Amino acid sequence: MDAVTLALSKKYTKDSLNGLGALKGANCTIESIVHKDGQSIVTFRWTGLDGTVQTREMRVDDGTPIYVWEAGNTYRYGDIVIYSAQFYRCIAENSDAAWNETHWNGIGTADGNYDIVADAEHLPARFTAADRKMYYSIADGAFWLWTGAAWVLQQPKSISKAKIDALFD
């Protein structure tokens, strides 16, 4: 490589890296963090090889807030809280003085969609039209499916309807 080509390539490299402070090893500082419209705007600042100050912005979207449930606070549909070491999603706006399970839908359980109850009388009524749940009733020896509107007994093909009806007599 001749001297002119080497000099031009060094200049090109230097000019290219000027705006990329992190690649050339320049110290970078956080100039500001501004929260606006559901985002945190982080502004990074460094000095380029030629002495000019460079900045770049990074936008970070806010996540879903999770609150610790407290009596008397106002909760709106969709709010997520922690109560008694369990996550719940608000399904009815409330400002309850005491925990009211009918205003909340438990989330984050081991499987999220399945559970076991002692009998059909203990099937929860707190689910919404968006939920699909399957519960096994020990006393009934049967599975129940939440269709989004009601619990429906699931009849295994190997058991006749008469046999299942006899479970509830």
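Residues numbered from 1 in each chain as written. Predicted model: local features only at pLDDT ≥ 70, side-chain atom pairs only at ≥ 80, totals over all residues. Heavy atoms only, no water.

## What to know about the overall build of the protein
For step 1, the next point in the chain: Secondary structure assignment for the protein yields three helices and 11 strands.
For step 2, the next point in the chain: Going residue by residue from the N terminus, the α and β elements of the protein occur as α-α-β-β-β-β-β-β-β-β-β-β-β-α.
For step 3, the next point in the chain: By the burial criterion, 27% of the 169 residues in the protein qualify as buried.
For step 4, the next point in the chain: For the protein, restricting intrachain contacts to residue pairs at least 6 apart in sequence, the fraction spanning at least 24 positions comes to 17%.
For step 5, the next point in the chain: In the form shown here, the protein has an accessible surface area of approximately 11,600 Å², with 56% of it arising from carbon and sulfur atoms. (Helix = DSSP H or I, 4+ residues; strand = E, 2+ residues; numbered from the N terminus. Buried < 20%, exposed > 50% of the residue type's maximum accessible area, 1.4 Å probe, protein only. Contact = heavy atoms within 4.5 Å. Areas by Shrake-Rupley, 256 points an atom, 1.4 Å probe, with all protein chains shown as cover.)

## Regarding the sheet that holds strand β4 (residues 66-68)
For step 1, the next point in the chain: Strands sit in the order β4-β5-β6-β7 across an open sheet of four strands; the sheet is mixed. What marks the edges here is a single partner per strand, and that holds for β4 and β7 (104-107). Across the sheet, the axes of successive neighbouring strands diverge by a mean angle of 35°, strand direction being ignored.
For step 2, the next point in the chain: Of the pairings in the sheet, the one linking strand β5 (residues 80-83) to strand β6 (residues 86-90) comprises four bridges and is antiparallel in character. Along β6, the bridge assignment pairs Tyr83 with Gln86. (Pairing = 2+ DSSP bridges. Axes fitted to C-alpha atoms, helices over the stretch in contact; angles between N-to-C directions.)

## Structural notes on the environment of Thr43
For step 1, the next point in the chain: You can see Thr43 is positioned in strand β2 (residues 39-47).
For step 2, the next point in the chain: Given the relative accessible area of 9%, Thr43 is considered buried.
For step 3, the next point in the chain: A C-alpha to C-alpha distance of 6.4 Å links Thr43 and Ile33, two positions 10 residues apart in sequence.
For step 4, the next point in the chain: Apart from residues no more than four positions distant in its own chain, Thr43 is found in contact with Thr29, Ile30, Glu31, Ser32, Thr55, Arg56 and Glu57.

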